[in-house]
Amino acid sequence: KAGVTQTPRYLIKTRGQQVTLSCSPISGHRSVSWYQQTPGQGLQFLFEYFSETQRNKGNFPGRFSGRQFSNSRSEMNVSTLELGDSALYLCASHLGTPTYEQYFGPGTRLTVT
Amino acid sequence: SQQGEEDPQALSIQEGENATMNCSYKTSINNLQWYRQNSGRGLVHLILIRSNEREKHSGRLRVTLDTSKKSSSLLITASRAADTASYFCALRGGDDKIIFGKGTRLHILP
């Protein structure tokens, strides 16, 4: 079974631009979560989608948004990029049950200059 | 706010020794999970323990949970070089959000 894939793997953007990251979950997994990882703040929960609906959301500004498609693939978008948005963005998928094992993708390394 | 705090922040031990790391938290949880992250394999789920469980084993891993003390520990026995990584606890609370701790950096010395 193929793992979670994320594209692109690396991205360099300029302040003020916007970016869209993509995540393809493991086949059969209906839930996708997104996390931001930085050296200072560690791993922070962004949002979780289940069957195309946002089920949960972390404490991030509205510039961070996401969506999930009918095939469970998910995208997250960050608008008006700031230097502090430079981070590793991780996507995780799971079956969607309350007690679950998350499978993480390799991440997208975003650098904002 | 709810956040797992791992202790110690960093740990260096000789290969073959046991490694123990702890996670403390503040509010009630539904379950607690441990993850490992290294540069080669990314973030990998190790073990999940539910709030009504006290101990779980998986291979060389042993996890305990003490809900009265709001703490969990991860024991890695007979450590190997490949165990060098960062280890994170992740708490799933009543709001269903998963909150990760800052992690313990484990270094296995040859």
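Above: the structure in question.
Predicted model only: the values in this text are computed from it and were never measured.

Quick notes on the sheet that holds strand S3 (residues 19-24) of chain B
Residue and element names in this part refer to chain B.
Here's step 1: Across the sheet, 5 strands lie side by side as S1-S3-S8-S7-S6; this open sheet has antiparallel pairing. The outermost strands of the open sheet, each flanked by one partner alone, are strand S1 (5-7) and strand S6 (55-58). Each adjacent strand pair in this sheet contributes to an overall mean axis angle of 15°, direction not counted.
Here's step 2: Looking at chain direction, S3 and strand S8 (residues 71-76) are connected through 6 bridges and run antiparallel. Directly across from Cys23, in S8, lies its bridge partner Ser72.

Structural notes on the interface of chain B and chain A
Here's step 1: Every contact between the two is made by 16 residues of chain B and, on the other side, 21 residues of chain A.
Here's step 2: Both sides of the chain B and chain A interface together cover about 1,500 Å² of buried area, and 50% of this is carbon and sulfur.
Here's step 3: Broken down residue by residue, the surface that chain B buries against chain A is led by Leu43, Lys97 and Phe100 of chain B, which jointly contribute 31%.
Here's step 4: For the pair chain B and chain A, the number of links is 0 salt bridges.
Here's step 5: Scanning the region where chain B abuts chain A turns up 5 residue pairs in polar contact (both at pLDDT 80 or more).
Here's step 6: Looking at the side of chain B that touches chain A, the elements with two or more residues in it are strand S4 (29-38), strand S5 (42-50), strand S9 (85-93) and strand S10 (98-100) of chain B.
Here's step 7: A breakdown of the residues in the side of chain B that touches chain A according to their chemical character gives 6 nonpolar, 4 polar and 6 charged.

Points about the pattern of salt bridges
All names here are of chain A.
Here's step 1: Using the criterion set out here, one finds 8 salt bridges over all chains in the structure.
Here's step 2: A salt bridge links Glu82 to Arg63; its shortest N-O distance comes to 3.6 Å. Taken together, the positions of Glu82 in the loop between strand S8 (74-78) and strand S9 (87-94) and Arg63 in the loop between strand S6 (53-57) and strand S7 (64-68) put the pair 19 residues apart, joining distant regions of the chain.
Here's step 3: Assessed through its relative accessible area of 42%, Glu82 is described here as partly exposed.
Here's step 4: Looking at Arg63, the relative accessible area reads 16%, which means it is buried.
Here's step 5: Between Arg67 and Glu75 there is a salt bridge; the shortest N-O distance is 3.3 Å.
Here's step 6: Take Glu75: its relative accessible area is 16%, and that puts it in the buried class.
Here's step 7: The structure contains a network of salt bridges with shared partners spanning Arg63, Glu82 and Asp85.

Conventions and cut-offs
- Residues numbered from 1 in each chain as written.
- Chains lettered and ligands numbered in written order.
- Predicted model: local features only at pLDDT ≥ 70, side-chain atom pairs only at ≥ 80, totals over all residues.
- Heavy atoms only, no water.
- Pairing = 2+ DSSP bridges.
- Helix = DSSP H or I, 4+ residues; strand = E, 2+ residues; numbered from the N terminus.
- Axes fitted to C-alpha atoms, helices over the stretch in contact; angles between N-to-C directions.
- Contact = heavy atoms within 4.5 Å.
- Buried area = accessible area lost by both parts, 1.4 Å probe.
- Salt bridge = Lys/Arg side-chain N within 4 Å of Asp/Glu carboxyl O.
- Polar contact = N/O pair within 3.5 Å; in protein donor to acceptor, adjacent residues only side chain to side chain.
- Nonpolar A, V, L, I, M, F, W, Y, C, P; charged D, E, K, R; others polar.
- Buried < 20%, exposed > 50% of the residue type's maximum accessible area, 1.4 Å probe, protein only.

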